[in-house]
Amino acid sequence: MLAYILRRTLYAIPILIGVNLITFALFFVVNTPDDMARMQLGAKRVTQAEIERWKAAHGYDKPMLWNARAAGSEKLTQTVFFRKSVRLFAFDFGASEDGRNIAAEIRTRMWPSLALAIPVFVVGLALNISFALAMAFFRATYLDFWGVVLCVVMMSISTLFYIIAGQYLVAKLWDLVPISGYNTGLHAIKFLILPAAIGVASGVGAGSRWYRTLFLEEMGKDYVRTARAKGLSEGVVMFRHVLKNAMIPILTGVVVVIPLLFMGSLLMESFFGIPGLGSYTIDAIQSQDFAVVRSMVFIGSLLYILGLLLTDISYTLVDPRVRLE
Amino acid sequence: MPFTPVILWTDSLLWLLVAATGAYLWLCARRPHLAAPWLRVARSRAAMVSLTLLAGYGAIGLADSLHFRVALPATAASDAPAYSPQVLSLLDLALSHLRRSEETTYSAPLATRLFTLEETRLPDGRLAREYPRLRYGGAGLASEAGWGADVARRSLAGLAGAALLWLPLGALLWPLRRRAPQIPWGTAYATLGAMLALAGPAFALSLGYHVLGTDTVGQDVLYLSLKSVRTSLVIGSLTTMVMLPLGAMLGVTAGYFRGWVDDLIQYLYTTLNSIPAVLLIAAFVLMMQVYIDGHPQLFPTTAQRADVRLLLLCVILGVTSWTSLARLLRGEALKLAELEYVQAAHALSVSHLRILTRHLLPNVAHIIIISLVLDFSGLVLAEVVLSYVGVGVDPSTVSFGTMINAARLEMAREPVVWWSLSSAFGFLLVLVLAANLLADAVRDGFDPRVRVGPAALQGTAR
């Protein structure tokens with residue numbers, strides 16, 4: 001087990017290097033630091049001296065990959081690639097374009113993100129599976145048919161509609177919760193409850209329909225027929241047999257997103273003014289803060305790879321047939 | 001010539017796609033084994049309804065994809081004809097009354113007066129605050145008392161026009177039913193009737209009013225909604241043109257050759273997959289923006305710049321979304337490569353390329369078609385979110401995303417301006433819903449598991 005985890009962790013390294021190379025190519029080769037400086041400084045007429053000053057202040061005044069003028073190992077380390085990309089591996093994210101420490105920002109902003117993402121994830125999963133079980137239980141009846149129709153309609157509605165309509169109805173018209181904002185501690189609940197509810201509602205359509213398909217596929221298998229043939233009630237068949245066996249495909253989709261919860265939700269956080277990592281990312285995209293976007297790309301891929309690893313480990317916990325060697 | 005055609009990149013690619021679809025349908029008509037799954041799809045009523053709706057959207061989108069520049073009135077100074085810098089489409093021409101009818105700001109659907117109070121000078125010289133009459137909406141009315149009668153008269157005229165168009169088409173039903181009796185033509189005909197019953201009065205009313213109101217800068221919301229259709233269709237369909245070759249080629253190759261080729265391709269898509277899609281797209285788009293801003297000489301007109309940006313967005317979406325198709329096809333190709341007919345082809349020393357194209361690709365075609373149709377609605381919805389985030393289409397391109405983005409603060413106004421958002425979301429919902437229903441029917445028609453699979457699945461596969 002330990003050897004397997006170690007090997008998978010090592011396997012993650014080339015992937016992270018690949019991610020790093022892609023982002024480096026995207027951010028520095030397609031556009032030179034000069035272009036970025038001109039963009040950040042904003043004005044159309046920028047003198048070369050100003051550009052040089054900006055580059056020096058933000059550490060872009062080094063050669064890209066190979067510093068021929070430096071001595072010894074500094075030939076490699078005194079480069080944009082080393083200082084901006086390789087350092088991410090040591091979780092040294094540096095400073096954003098407006099001079100703030102990115103790592104410190106992330107540490108304070110992850111809590112609001114998690115406070116919103118975890119309830120949405122847990123409640124959403126429970127709700128989706130319950131609806132899917134109900135539809136599978138009443139399969140091929142009108143209840144199932146209209147359930148699926150409702151799911152298709154719900155998944156055809158844009159997430160933005162849920163947010164805008166929910167905010168208008170609940171916060172503005174009925175005045176039940178504040179429209180947006182955030183507070184620390186338990187006071188956060190009244191700010192979080194609406195975005196969390198909207199997050200759950202916007203995922204219910206696609207989620208329940210997906211789980212329903214999984215359950216129905218499982219119910220067509222021979223062991224279900226055997227279970228029915230030996231006289232088990234439909235309820236026992238559903239909960240003791242089908243649900244347990246469907247756990248494997250469910251875990252494939254679910255475990256991989258758990259680490260990514262950390263990244264927060266872009267739309268919810270920006271609409272409801274929650275100071276999490278999602279709104280941090282969106283602000284960075286909108287103000288074209290490349291340092292922050294680069295760091296978030298790195299963290300995102302790291303978390304995704306962690307999710308893949310966790311998925312494999314979770315298989316061994318629910319499926320005795322799977323052995324990691 | 002009174003006009004000169006302008007061929008935008010997305011136009012030519014869109015028409016190429018139409019031609020390719022036409023060629024595929026022609027092939028299907030001659031090969032019964034290709035036509036069989038489509039006939040199964042067409043047997044579903046939901047599929048016929050959504051196909052009719054999508055055809056309507058497609059007609060709007062394609063009419064909006066024939067661009068030209070109108071000639072300016074000839075001047076004595078030069079003999080060479082001069083053309084207006086404004087790029088128009090066939091749809092703009094058909095709706096030119098809406099394009100020109102700009103008010104100053106918000107007005108409610110079918111309103112005759114502006115939505116906001118303005119200071120006006122009365123004939124006797126005093127200043128008064130009132131809701132001024134619109135320049136276009138209800139301008140033909142002698143007095144506002146005749147509003148109800150005028151709206152009713154126009155609606156009825158529109159309905160009558162729609163009926164005149166719809167009823168003769170009913171004659172087509174009979175030969176169609178004789179040729180393919182298993183297809184519910186009546187459902188399609190009824191859907192067409194419902195669409196015309198909405199479109200006819202809407203068009204008749206649009207000649208005198210803003211049917212869906214106007215937005216903050218006074219543009220007609222109906223016009224904007226119809227213009228948005230093309231952007232959605234371009235994103236939904238051109239993206240697949242990028243995704244399909246990448247995903248199909250790499251996926252099948254990985255599954256067929258195995259070994260280091262497989263490792264390399266798997267590494268490639270795991271790496272791409274591990275970057276959160278929104279961030280990867282954002283990074284791409286930010287870089288593209290820097291490039292476009294840095295090279296203004298490459299893009300002479302706004303329309304061309306916006307068009308290149310739209311095309312690049314499709315490419316980017318394609319690059320980030322081919323991975324799931326590749327993974328599916330790799331799994332399938334791994335299985336197929338073991339089958340006897342591939343082994344037999346090997347034994348007969350058929351080349352790798354020929355095995356890939358003649359034996360493997362046709363046998364994974366159903367997966368490709370299912371995932372293309374499934375992805376369409378997801379891409380259309382993704383455009384809306386990306387445009388909201390600020391990494392979507394060019395701000396000058398009309399799309400559902402830019403419409404919603406511009407209108408997102410309107411619900412906070414007092415009184416509420418609801419028509420822009422409702423129109424954008426309404427048009428979007430119908431498009432995505434139709435695409436999703438069609439995708440369901442296509443999956444049921446193409447997926448071999450549904451037909452030979454367990455009884456439980458067959459019972460629910462309506």
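1. What about the overall build of chain A?
- A count of helices and strands for chain A gives 14 helices and 0 strands.
- Moving toward the C terminus, one meets the helices and strands of chain A in the order α-α-α-α-α-α-α-α-α-α-α-α-α-α.
- Whereas a compact globule of 325 residues would reach a radius of gyration of roughly 20 Å, chain A reaches 25 Å, over 25% beyond that.
- Its C-alpha atoms give chain A principal-axis dimensions of roughly 80 × 60 × 35 Å.
- For chain A, buried positions account for 34% of its 325 residues.

2. With respect to the overall build of chain B
- Scanning chain B from N- to C-terminus turns up 18 helices and 5 strands.
- Projected onto the principal axes, the alpha-carbon positions of chain B cover approximately 100 × 60 × 55 Å.
- Residues counted as buried form 42% of the 462 residues belonging to chain B.
- Within chain B, counting contacts between residues at least 6 apart in sequence, those at least 24 apart form 72% of the total.

3. A short note on helix α15 (residues 400–407) of chain B
- Extensive coverage of α15(B) is indicated by the burial of 6 of its 8 residues.
- All of the buried residues along α15(B) are B:Phe400, B:Gly401, B:Thr402, B:Met403, B:Ile404 and B:Ala407.
- For α15(B), the elements touching its buried residues are α8 (159–173) of chain A together with α9 (221–257), α14 (352–389) and α16 (419–446) of chain B.

4. Some points on the interface of chain A and chain B
- Facing the 46 residues of chain A at the interface are 44 residues of chain B.
- Of all the secondary structure elements, the ones that give two or more residues to the side of chain A that touches chain B are α1 (2–29), α2 (33–41), α7 (142–156), α8, α9 (189–219), α12 (266–272), α13 (277–286) and α14 (290–318) of chain A.
- With 8 residues, the top contributor of residues to the side of chain A that touches chain B is α1(A).
- In terms of residue class, the side of chain A that touches chain B is built from 31 nonpolar, 12 polar and 3 charged.

5. Considerations on the sheet that holds strand β2 (residues 67–70) of chain B
- Pairing is antiparallel in the open sheet, where 3 strands are placed in the order β1-β2-β3 (chain B). If you trace the sheet from one side to the other, it starts and ends with β1 (3–6) and β3 (88–89) of chain B, each paired once.

6. Considerations on the environment of A:Ile285
- For A:Ile285, the location among the structural elements is in helix α13.
- Classification of A:Ile285 by C-beta neighbours within 10 Å gives buried; the count is 24.

7. Details of unusual backbone geometry
Residues and elements named next belong to chain B.
- Of note, the phi angle at Leu-110 is positive, near 60°, even though the residue is not glycine.
- In this structure, Leu-110 sits in the loop between α5 (96–100) and β4 (118–121).
- For Leu-110, a count of 18 C-beta atoms within 10 Å puts it in the partly exposed group.
- One non-glycine residue, Ser-349, lies in positive phi territory at about 55°.
- Structurally, Ser-349 is set in the loop between α13 (340–347) and α14.
- Under the C-beta neighbour-count criterion, Ser-349 is labelled exposed, with 6 such atoms within 10 Å.

8. Points about the environment of A:Ala201
Residues and elements named next belong to chain A.
- Examined against the element boundaries, Ala-201 turns out to sit in helix α9.
- The partly exposed category is assigned to Ala-201, around which 19 C-beta atoms lie within 10 Å.
- Counting along the chain gives 55 residues from Ala-201 to Trp-146, while the straight-line C-alpha distance between them is 17 Å.

9. Considering the confidence of the model for chain B
All names here are of chain B.
- Put simply, chain B has an average pLDDT of 86, and 95% of its residues get 70 or more.
- Ranking the helices and strands of chain B by mean pLDDT puts helix α3 (residues 45–63) first, with 94, and helix α18 (residues 455–460) last, with 36.
- For residues 451–462, every residue scores under 50 in pLDDT, and the model assigns this stretch 21 contacts once sequence neighbours within four places are set aside.
- Overall fold confidence (pTM) sits at 0.89, and the ipTM for the predicted complex is 0.87.

10. Side note on the pairing of β2(B)
All names here are of chain B.
- Bridge count between β1 and β2: 4 bridges; the pairing is antiparallel. Along β2, the bridge assignment pairs Val-6 with His-67.
- Across 2 bridges, β2 lies against β3 in antiparallel orientation. Across the sheet, Phe-68 pairs through a bridge with Leu-88, a residue of β3.

11. So, the nonpolar core
- If you look at the biggest cluster of nonpolar residues, it comprises 164 residues, and the most contacted ones within it are A:Val293, B:Ile281, B:Ala282, B:Ala283 and B:Leu438.
- The residues touching A:Val293, leaving out its near neighbours within four places in the chain, are A:Ala284, A:Ile285, B:Leu279, B:Ala282 and B:Ala283.
- Core analysis: the second largest hydrophobic core is formed by 14 residues, A:Ala136, A:Met219, A:Met238 and A:Ala246 among them.

12. A closer look at the packing of α7(A) against α9(A)
Residues and elements named next belong to chain A.
- Between α7 and α9, the shortest axis-to-axis distance is 7 Å and the interhelical angle comes to 135°. Taken together, the axes of α7 and α9 are oblique relative to one another. Taken as a pair, α7 and α9 cross one another with a handedness that is left-handed. Facing α7, whose interface residues are Val-148, Cys-151, Val-152, Met-154 and Met-155, α9 presents Val-204, Gly-205, Ala-206, Ser-208 and Arg-209.

13. Thoughts on the packing of α13(A) against α14(A)
Residue and element names in this part refer to chain A.
- Here α13 crosses α14 at 135°, and the two axes come no closer than 8 Å. Considering the angle they form, α13 stands oblique to α14. Crossing of α13 against α14: the hand is left-handed. Residue-level inspection shows Tyr-280, Thr-281, Ala-284 and Ile-285 of α13 in contact with α14, the latter providing Val-292, Val-293 and Met-296.
- When its residues are assigned to classes, the contact of α13 with α14 shows 6 nonpolar, 1 polar and no charged.

What counts and how
Residues numbered from 1 in each chain as written. Chains lettered and ligands numbered in written order. Predicted model: local features only at pLDDT ≥ 70, side-chain atom pairs only at ≥ 80, totals over all residues. Helix = DSSP H or I, 4+ residues; strand = E, 2+ residues; numbered from the N terminus. Rg over C-alpha atoms; globule rule 2.2 N^0.38 Å. Buried ≥ 20, exposed ≤ 12 C-beta atoms within 10 Å, placed from the backbone. Contact = placed C-beta atoms within 7 Å. Nonpolar A, V, L, I, M, F, W, Y, C, P; charged D, E, K, R; others polar. Pairing = 2+ DSSP bridges. pLDDT = per-residue confidence, 0-100. Core = buried A, V, L, I, M, F, W, Y, C linked by C-beta atoms within 7 Å. Axes fitted to C-alpha atoms, helices over the stretch in contact; angles between N-to-C directions. Parallel < 35°, antiparallel > 145°, perpendicular 65-115°, else oblique. Left-handed = near helix turned anticlockwise from the far one by under 90°.

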